4 protein chains.
Amino acid sequence: MNRPQSDHDYHLRYRCSAQWRSFLGALAHEMNTRIEPDQSRALMRRLGASMARNAPLPTLELLPDLEAAMNSVWAGMDWGWVELNDTNDALRIVHHCAPIEAAFGSGSRAWSPAVLEGAYEQWLRAAGAGDRLRVQQIATDTASAEPVYVFALAA
Amino acid sequence: MNRPQSDHDYHLRYRCSAQWRSFLGALAHEMNTRIEPDQSRALMRRLGASMARNAPLPTLELLPDLEAAMNSVWAGMDWGWVELNDTNDALRIVHHCAPIEAAFGSGSRAWSPAVLEGAYEQWLRAAGAGDRLRVQQIATDTASAEPVYVFALAA
Amino acid sequence: MNRPQSDHDYHLRYRCSAQWRSFLGALAHEMNTRIEPDQSRALMRRLGASMARNAPLPTLELLPDLEAAMNSVWAGMDWGWVELNDTNDALRIVHHCAPIEAAFGSGSRAWSPAVLEGAYEQWLRAAGAGDRLRVQQIATDTASAEPVYVFALAA
Amino acid sequence: MNRPQSDHDYHLRYRCSAQWRSFLGALAHEMNTRIEPDQSRALMRRLGASMARNAPLPTLELLPDLEAAMNSVWAGMDWGWVELNDTNDALRIVHHCAPIEAAFGSGSRAWSPAVLEGAYEQWLRAAGAGDRLRVQQIATDTASAEPVYVFALAA
């Protein structure tokens, strides 16, 4: 048992449930060594979309209600929380405190956040966003203790 | 929220950590629909071997000590428990209360238990079992509330 | 690490979250040795009522809807599941798969189930059951793998 | 579901296992309203000592080994991590990332950290510290995302 170097280090290790940390770390290693980042990204997108299909949101008109419904699903899984903001030309999606870096490691940053991309795209399409719109990751903010993932829904 | 039909039903749903139940269910669906059971089995074997490599056991001579060391790892992950028994011509490995059916569903029985196969083979080889020996699943006992997986180490 | 004697033994140990198993076991020891079962029962009733007040149910008329709302709360906490049945002269409440025996031990059976008593009484009064009605435990069924707790709401 | 105000807010809510968050919050309310902080502190000390007695450490001479053994217990419970430092006249104990503020609330700061006091005192006495020495909390550092608790073992 090595002592964590910092609280940040501790959180990154323990944010992921002890039951699956080892399995998901092994899965990340497999994905890092056997398939291309593009394929890993596509796989994570499909998994996220599938997760969202299995947790359908009620029909909601207003952005704050949609945000609250998404946060209720994330809270039930301890997957962090989201802010939805309408900018002029896109919907900006900021996801905090996801356990995915703790699960898949910092070496997975090129592909693991795509699970959120897939989930938000599925939910927003089901909410009527239109099939031509796509959710795309536009940034990973690693300044805070845990990465914050930023996505946009746009044509 | 559908009411569980039985305690068995409840355990099968909740034995898997809420944080990863949805993700792992989506992964199982992906594996069931996109790749062959043989490939899924091989993947699960590699993941199990990788998990065991990341949780090396101390050097131990006696079977009860080896069993205790394995159970200490499984207990730390809430992955159930194992009995090791020396039969005449093989080592018999019986794994109870694994969360894998809760995670991957009963439709995964053809491949998900291979994660245990891979882990036991890795641990037993590291303990000196010899590289020619293989751990093979020989039965899945579904009579009890949760499947019990039976493996053998043999040439 | 002692090997569990049986799957039942494993479930009783691990049904309670690893984070609080040790603390709650110490709390149970304190309650068993320092205060009377009646006082422990009264304390658990107050704690259960407090838990239910902090998880208010929506206003619902029908028993199956009330049951579903309760199960949604219990599911979010992994506290098992409940069946509500209207008998001729009472409402019968059967709670399955609670983690309380795993947390407080079999030596706590005289008092630990009162946490559920308090929760159901609070929820049923809030649903309009009337302040003269009380929820009382009428049985603990230990025939199955985990105790099943039976309560009745009656005058 | 209110959106967390910050990552800090999220961590404080979710650092405590969902299974016991509601129960422990109710227990904290009970302790805050029914008994004096001194009594709550004494109770938490006894609970911590009891937890440490149930997780005895191996016999170890060196401080880094003792620290590693303690961290192994805390890691298995997801109770954070500890640094032990020998100062001139006392042993300084710094505990990070404990889930106790998430469980018992910031209103419990006068008494909840005593559970760690009791655990360290029990472990250090068992390691030969002498029955005249006591572990006393000397500070709570709330500058970082989660409180850091500082204790000293001294005569």
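Scroll up a little and you will see the structure.
Residues numbered from 1 in each chain as written. Chains lettered and ligands numbered in written order. Predicted model: local features only at pLDDT ≥ 70, side-chain atom pairs only at ≥ 80, totals over all residues. Heavy atoms only, no water.

J.: When you look at the overall build of chain A in this model, what are you seeing that I'm missing?
T.: A tally of regular secondary structure across chain A gives six helices and four strands. For 155 residues, the compact-globule estimate of 2.2 N^0.38 gives 15 Å, and the C-alpha radius of gyration of chain A, at 16 Å, lies within 12% of that figure. When the backbone C-alpha atoms are referred to their principal axes, chain A occupies close to 50 × 30 × 30 Å. For chain A, contacts bridging at least 24 residues in sequence account for 53% of all contacts bridging at least 6. For chain A, the exposed surface amounts to about 6,800 Å²; the carbon and sulfur share of it is 48%. The averaged location of the 18 negative side-chain charges in chain A is 7 Å from the averaged location of its 14 positive side-chain charges. (Helix = DSSP H or I, 4+ residues; strand = E, 2+ residues; numbered from the N terminus. Rg over C-alpha atoms; globule rule 2.2 N^0.38 Å. Contact = heavy atoms within 4.5 Å. Areas by Shrake-Rupley, 256 points an atom, 1.4 Å probe, with all protein chains shown as cover. Lys, Arg positive; Asp, Glu negative; His and termini not counted. Charge placed at Lys NZ, Arg CZ, Asp CG, Glu CD.)

J.: Quick question: what am I supposed to make of the interface of chain B and chain A here?
T.: A common way to express how large an interface is: the accessible area buried when the components associate. Listed as interface residues are 28 residues of chain B and, on the opposing side, 28 residues of chain A. Here chain B and chain A share an interface that buries about 2,400 Å² over both sides, 66% of which is from carbon and sulfur atoms. Linking chain B with chain A are two salt bridges. The salt bridge involving B:R46 is made with A:E30; its shortest N-O contact spans 2.3 Å. Counting the contacts that link chain B with chain A gives 11 residue pairs in polar contact (both at pLDDT 80 or more). Of all the secondary-structure elements, those providing two or more residues to the side of chain B that touches chain A are α2 (18-34), α3 (37-53), α4 (63-77) and α5 (100-104) of chain B. (Buried area = accessible area lost by both parts, 1.4 Å probe. Salt bridge = Lys/Arg side-chain N within 4 Å of Asp/Glu carboxyl O. Polar contact = N/O pair within 3.5 Å; in protein donor to acceptor, adjacent residues only side chain to side chain.)

J.: I would appreciate a short explanation of helix α2 (residues 18-34) of chain C in the present structure.
T.: Since the α-helix packs 3.6 residues into each turn, any two residues three or four apart lie on the same face. With 17 residues, α2(C) should cover 24 Å at 1.5 Å per step; its first-to-last C-alpha distance of 25 Å lies within 8% of that length. Taken residue by residue, α2(C) has C:Q19, C:W20, C:F23, C:L24, C:A26, C:L27, C:A28, C:E30 and C:M31 as its buried positions. (Expected span 1.5 Å × (residues − 1). Buried < 20%, exposed > 50% of the residue type's maximum accessible area, 1.4 Å probe, protein only.)

J.: I'm lost on the packing of aromatic side chains in this one. Help?
T.: For any pair of aromatic rings, the description rests on two quantities: the centre-to-centre distance and the angle between the ring planes. A full pass over the atoms with the stated rule returns 44 aromatic pairs over all chains. On the basis of an interplanar angle of 10 degrees and a centroid distance of 5.6 Å, the ring pair of A:W74 and A:W79 is categorised as stacked. For the residue pair A:W74 and A:W79, the accessibility class agrees, reading buried in each case. The structure contains a cluster of three or more aromatic residues connected by ring pairs, namely A:W20, A:F23, B:W74, B:W79, B:F104, B:W111, B:Y120, B:W123 and B:F151. (Phe/Tyr/Trp six-rings, centres within 6.5 Å; stacked < 30°, edge-to-face > 60°.)

J.: What should I look at first to understand the interface of chain C and chain B in this one?
T.: Listed by partner, the interface residues are 26 residues for chain C and 26 residues for chain B. Carbon and sulfur atoms supply 58% of the area buried between chain C and chain B, which totals about 2,000 Å² over both sides. When the area that chain C buries against chain B is broken down by residue, the three leading residues are C:R3, C:Y10 and C:W81, summing to 31%. Counting the contacts that link chain C with chain B gives zero salt bridges. For the pair chain C and chain B, the number of links is six residue pairs in polar contact (both at pLDDT 80 or more). Breaking the side of chain C that touches chain B down by element, the ones donating at least two residues are α1 (7-14), α4 (63-77) and β1 (81-86) of chain C. Tallying contributions element by element places α4(C) first for the side of chain C that touches chain B, with five residues. Each residue belonging to the side of chain C that touches chain B can be placed in one class, and the counts come to 11 nonpolar, eight polar and seven charged. (Nonpolar A, V, L, I, M, F, W, Y, C, P; charged D, E, K, R; others polar.)

J.: Can you help me understand the environment of B:V115 in this one?
T.: Summarising the element assignment, B:V115 is placed in helix α6 (residues 114-126). Through-space distance from the C-alpha of B:V115 to that of B:H95 is 12 Å; in sequence the pair is 20 residues apart. In contact with B:V115, not counting residues within four places along its chain, are A:F23, B:M44, B:R45, B:L47, B:G48, B:M51, B:W79 and B:I100.

J.: Honestly, the packing of helix α3 (residues 37-53) of chain C against helix α6 (residues 114-126) of chain C in this entry has me stumped. Any pointers?
T.: Helix packing geometry: the angle between the two helix axes and the distance between the axes. Residues and elements named next belong to chain C. Between α3 and α6, the shortest axis-to-axis distance is 6 Å and the interhelical angle comes to 45 degrees. Classed by the angle they form, the pair α3 and α6 counts as oblique. Read as a crossing pair, α3 and α6 show a hand that is right-handed. Contact residues: α3 offers R41, M44, R45, L47, G48, A49, M51, A52 and R53, while α6 offers A114, V115, E117, G118, A119, E121, Q122 and W123. For the contact of α3 with α6, the per-class residue count stands at nine nonpolar, three polar and five charged. (Axes fitted to C-alpha atoms, helices over the stretch in contact; angles between N-to-C directions. Parallel < 35°, antiparallel > 145°, perpendicular 65-115°, else oblique. Left-handed = near helix turned anticlockwise from the far one by under 90°.)

J.: So what exactly am I meant to see when it comes to the relation of the copies chain C and chain B here?
T.: Taken together, a rotation about one axis and a shift along it account for how the two chain copies relate. Mapping chain C onto chain B calls for a screw motion: a turn of 180 degrees about the axis and a shift of 0.0 Å along it, with 0.0 Å RMSD after fitting. The symmetry that links the two subunits is that of a two-fold axis. Among all residues of chain C, the minimum C-alpha distance to the rotation axis is found for C:R15, at 4.3 Å. Most of the interface of chain C is mirrored in chain B: 100% of its interface residues are interface residues there too. (Least-squares fit on C-alpha atoms with pLDDT ≥ 70 in both.)

J.: Honestly, the arrangement of the chains in this entry has me stumped. Any pointers?
T.: What separates chain A from chain C at the closest point of their C-alpha atoms is a distance of 6 Å, and the two make no contact. Over all C-alpha pairs, chain B and chain D never come within contact, reaching a minimum spacing of 6 Å.

J.: Can you help me understand unusual backbone geometry in this one?
T.: Comment: phi is negative for the bulk of residues other than glycine, and the bulk of peptide bonds are trans. The phi dihedral of B:D78 is positive, around 55 degrees, even though this residue is not glycine. Locating B:D78 in the fold gives a position in the loop between α4 and β1 (81-86).

J.: What is the right way to read the relation of the copies chain B and chain A from this model?
T.: With an RMSD of 0.0 Å, the fit of chain B onto chain A corresponds to turning through 180 degrees and sliding 0.0 Å along the axis. Here 100% of the interface residues in chain B have copies in chain A that are interface residues too; the copies meet face to matching face.

J.: Honestly, the pattern of salt bridges in this entry has me stumped. Any pointers?
T.: This structure, assessed with the given rule, holds 35 salt bridges over all chains. The salt bridge involving D:E30 is made with D:R34; its shortest N-O contact spans 3.3 Å. Of the two residues, D:E30 and D:R34 both sit in helix α2 (residues 21-34), four residues apart, roughly one turn of that helix. A relative accessible area of 10% means that D:E30 is categorised as buried. By sharing partners, the salt bridges in this structure join A:R41, A:R45, A:E117, A:E121 and A:R125 into a single network.

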